[in-house]
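Report on the structure
Spelled out from the first residue to the last, the chains are:
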Amino acid sequence: MSKTSNINRVDGFAKVTGSATYSAEYKIDGVVYACLVGSTIAKGRIKTIDTKKAEWAPGVLAVITHLNVDKPSGYQKAKDKHNFGQPLQIFKDDSILYYDQPIALVIADSFERMQYAASLIKADYLKDEHSTELKKAANQEKKVETDKGNDYHRGEHDGYKNAEVVLETEYTIPTEVHNPMELANIIAKWEGNKPILYTKSQGVEGTRRSVAGVFDVPAEDVEVHAEYIGGAFGMGLHTWPYEIAALIGAKKLNRPVKLVLHREQMFTNVGFRPYTIQKMGLGATKDGKLTGLTHEAVAMTSSYEDFMEGTVNMSRFIYDCANVSTRYRIVPLDTCTPIWMRGPGEATGSFALESAMDEMAYKLDLDPIEFRKRNYAEKDLEQNKPWSSKYLLECYEGGMERIGWKNRKNKPGSVREGEWLVGYGMGTGTFGCYRSPTSVKAKFSADGNLVLQCSVNDMGPGTATMMTAIGSEIMGMPVENVIIEMGKSGLPKGPTQGGSATTSSVGSAVHDSCNLLVSKILGLANETPTFKGTPITDLTFANGVISSKNNSKTVSLASLLATNKLEDFAVENQSKGTEEARKYSIYSFSVHFVKVLVNPNIGKIRLAHVVSCADIGTVISQKTSAGQMFGGAVGGIGMGLMEALEIDHRFGRPINNNFADYHVPVNADIEKQEVFFVNKKDPISNPMGTKGLGETALVGMAPAIANAVFNATGKRVRDLPITLDKIIENVKV
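In this report, the structure presented in the accompanying data block is examined. (Residues numbered from 1 in each chain as written. Predicted model: local features only at pLDDT ≥ 70, side-chain atom pairs only at ≥ 80, totals over all residues. Heavy atoms only, no water.)

All right, on to helix α7 (residues 241-253) then. Compared with the 18 Å implied by 1.5 Å per residue over 13 residues, the 18 Å span of α7 between its first and last C-alpha is a close match. Burial runs high along α7: 10 of the 13 residues are buried. All of the buried residues along α7 are Pro241, Tyr242, Glu243, Ile244, Ala245, Ala246, Leu247, Ile248, Gly249 and Ala250. (Helix = DSSP H or I, 4+ residues; strand = E, 2+ residues; numbered from the N terminus. Expected span 1.5 Å × (residues − 1). Buried < 20%, exposed > 50% of the residue type's maximum accessible area, 1.4 Å probe, protein only.)

As structure tokens, this is what we get:
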């Protein structure tokens with residue numbers, strides 16, 4: 001294990017002491033306050049909107065609607081959507097496309113005056129019949145006309161139907177909402193024709209491009225600050241209309257405008273995991289060999305944007321099966337556009353696939369893990385490529401031992417602890433490993449500090465800690481002397497934080513830049529009289545000192561810089577994937593194990609033990625990686641047992657848009673949780689040998705819970721979340 005693998009979070013002190021500055025906390029001179037007023041219907045047009053009382057209210061500086069807005073010049077040029085943004089152009093016209101769509105922006109000189117003025121705005125509408133229920137609108141499904149939306153077939157189409165043993169089932173996942181602690185927010189200002197944003201974004205460069213597109217300015221003129229993010233889970237992957245509204249208001253007034261959504265707006269205006277219905281067809285021989293697998297998904301999108309995700313993708317390659325078919329369709333509904341949510345697509349798809357695998361195992365009277373082992377994929381049959389590395393079997397074995405799988409019985413309801421029924425379940429997860437071109441500047445100064453710069457930001461997984469660990473290891477210096485500058489424009493270009501690609505992308509750039517820096521330092525030292533004639537391969541660099549392997553000669557970096565009249569020594573380098581990596585299929589793998597206790601009289605479910613095992617290549621930081629795995633598993637627990645946005649379809653509006661009624665897990669919901677990493681280097685993925693973690697930490701958790709509940713009760717729940725009412729009836733007592 002690396003000596004830096006257990007370092008503390010480098011941003012931890014700032015976050016727990018309050019010295020970390022989040023985007024809405026910046027102190028900007030002359031800032032004024034804004035809020036959005038939302039529509040009260042789900043579809044139609046604005047007939048009239050009365051803003052006079054609001055405009056005349058004390059302290060009000062502006063009320064902006066579709067009637068008086070200065071439309072950004074980019075509106076006319078937009079074809080579908082701006083890079084990183086979306087096609088909904090706020091205040092463009094009088095059309096209403098979903099409930100709570102912003103219809104007015106109120107700006108005042110104080111927060112309280114802004115709120116009061118917003119309450120005075122009244123609108124009348126011409127209502128149209130809306131559609132917000134996926135099951136009723138499923139006949140309107142359509143194919144996404146892109147390569148990613150194409151149907152997939154390997155072998156015989158729907159070949160499962162000809163098997164000796166056939167399983168056909170349907171699974172449902174409701175709408176889930178991100179709900180990070182930090183609300184969506186922005187402080188927007190302009191300097192001439194240059195927009196400046198302090199905003200909650202998972203991608204600084206993406207935000208620059210989308211804002212540039214909307215306002216028709218060069219991306220280099222857009223300044224973005226997003227150094228700290230209080231959680232996002234995917235909501236920060238769009239530049240949303242509220243951000244454009246704030247920029248419109250700031251430009252109109254030529255003053256900084258602060259806009260923070262309230263909690264109810266977080267349920268309606270910044271995306272969500274889409275409601276999805278999935279059909280699974282499995283075929284197998286009587287001895288447990290899969291012969292056919294079909295996975296179909298129908299998911300919601302908005303009426304103004306085609307959104308899709310990789311719901312069916314995992315089914316194409318995770319098991320050895322000759323005949324595989326997948327289909328994905330979308331249904332336009334009158335809602336805000338969904339957006340990627342942690343474990344996008346794969347978390348949804350794994351619930352159907354891994355639940356169906358469990359059901360087939362019972363049908364064959366096989367242990368669920370034994371069934372998976374009999375169908376273990378030794379290569380990626382979808383791409384017809386070898387794995388770069390795959391230690392999924394080690395995950396199975398490690399999890400079985402830790403959860404006490406030997407105590408499990410294949411017959412549901414066979415194990416009790418007092419009045420509680422005991423069940424064991426598991427679910428396999430996977431997610432692709434991606435690597436984006438990323439630039440990092442590494443700068444060594446005479447005071448002995450290493451500064452690493454990149455515009456990537458950190459929404460919580462520990463990006464700064466990862467960068468520190470890699471830089472410290474390569475440079476041979478204490479972590480206390482590594483300084484990270486990140487999360488804002490003007491720094492070397494980093495990727496969007498999403499898709500479990502940050503460590504592979506940014507970490508590789510840190511690795512390459514630091515090694516290049518060491519090489520440059522050694523080359524400069526090799527020209528000094530001290531090392532003249534010494535082969536450069538005999539020189540080493542650590543703790544700010546250049547040394548010779550063969551004698552006691554040393555030169556400090558400080559003296560080297562002074563001799564060459566340099567204040568610091570810096571390199572900037574772009575790192576990207578290799579052609580060699582394209583020859584392999586590179587994925588992370590995980591297995592979640594769950595032991596549940598179920599009270600058959602009241603239907604209460606207790607999570608007595610959770611074990612999450614992962615093959616993520618080299619573990620850079622044990623602490624932050626374990627935190628990621630814990631957090632992902634907790635998100636999966638919410639998915640499995642609690643989370644669902646309830647819509648009153650009569651009005652197309654949510655009815656549990658608050659933390660009292662939208663339930664998420666808390667500490668008391670998990671009695672015991674463990675994490676296990678295989679921690680074996682991937683030889684292909686990147687220089688560090690890492691693979692992604694953030695998504696696979698959640699993928700497979702929800703089916704593990706569902707499978708454990710069935711093992712305890714004999715009740716198979718196929719529509720999430722698993723609430724008391726769904727298991728209280730027909731529980732085997």
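What follows deals with the environment of Asp100. The residue Asp100 is located in the loop between β4 (95-96) and β5 (102-108) in this model. Assessed through its relative accessible area of 12%, Asp100 is described here as buried. Along the backbone, Asp100 and Ala42 are 58 residues apart, and their C-alpha atoms lie at a distance of 7.5 Å.

Time to look at unusual backbone geometry. Leu720 connects to Pro721 through a cis peptide bond whose omega is -5 degrees. Within the secondary structure layout, Pro721 lies in the loop between α15 (701-713) and α16 (724-728). With a phi close to 65 degrees, Phe91 is a non-glycine residue in the positive phi region. In this structure, Phe91 sits in the loop between α3 (74-77) and β4.

Enumeration according to the criterion identifies 29 salt bridges in this entry. In this structure, the salt-bridge partner of Arg718 is Glu359, at a minimum N-O distance of 2.8 Å. Of this pair, Arg718 sits in the loop between α15 and α16 while Glu359 sits in helix α8 (residues 346-363), placing them 359 residues apart in sequence. Its relative accessible area of 30% is what places Arg718 among the partly exposed residues. (Salt bridge = Lys/Arg side-chain N within 4 Å of Asp/Glu carboxyl O.)

End to end, helix α6 (residues 204-215) covers 17 Å across 12 residues, agreeing with the expected 16 Å (1.5 Å per residue, within 8%). α6 sits mainly inside the fold: 10 of its 12 residues count as buried. Buried residues along α6 sit against α3, β10 (185-191), β11 (194-199), β12 (223-225) and α7. One or two residues past the end of α6 sits Asp216, with phi positive at roughly 55 degrees. (Contact = heavy atoms within 4.5 Å.)

On to the sheet that holds strand β27 (residues 605-615), then. Spatially, the five strands line up as an open sheet ordered β17-β18-β26-β27-β30, and their pairing is mixed. Strand pairing shows two members of the sheet lacking a second neighbour, β17 (415-417) and β30 (673-677), which therefore form its edges. The sheet shows a mean angle of 25 degrees between the axes of neighbouring strands, direction not considered. The sheet contact formed by β17 and strand β18 (residues 420-432) spans three bridges and is antiparallel. Its bridge partner lying in β18, Glu417 is registered against Trp420. Sitting on the sheet, α15 is in contact with β18, β26 (587-598) and β27, with an inclination near 155 degrees to β18. (Pairing = 2+ DSSP bridges. Axes fitted to C-alpha atoms, helices over the stretch in contact; angles between N-to-C directions.)

When you line up the elements, Val709 lands in helix α15. A C-alpha to C-alpha distance of 52 Å links Val709 and Lys47, two positions 662 residues apart in sequence. In contact with Val709, other than residues within four places in its own chain, are Val596, Ile605, Gly714, Lys715, Ile722 and Ile727.

Here we come to the sheet that holds strand β1 (residues 32-38). Reading across the sheet, the seven strands line up as β3-β5-β1-β13-β10-β11-β12 and stay open at both edges, with mixed pairing between neighbours. Of all strands in the sheet, those with a lone pairing partner are β3 (60-64) and β12, marking the two edges. Within this sheet the neighbouring strands show an average axis-to-axis angle of 20 degrees, counted without direction. As paired strands, β1 and β5 are joined by six bridges and run antiparallel to one another. Looking at β5, one finds that Ala34 is bridged to Ile107. Relative to β11, α6 is tilted by about 135 degrees, and along the sheet it contacts β10, β11 and β12.

To continue, consider the nonpolar core. Membership of the largest hydrophobic core comes to 77 residues, with the highest contact counts inside it found for Leu282, Ile705 and Ile722. If we skip the residues at most four places from it in the chain, Leu282 touches Tyr160, Val165, Val166, Leu167, Leu290, Gly292, Leu293, Ala356, Met357 and Met360. Ranked by size, the runner-up nonpolar core spans 59 residues in total, among them Ala34, Trp190, Val211 and Phe272. (Core = buried A, V, L, I, M, F, W, Y, C linked by side-chain atoms within 4.5 Å.)

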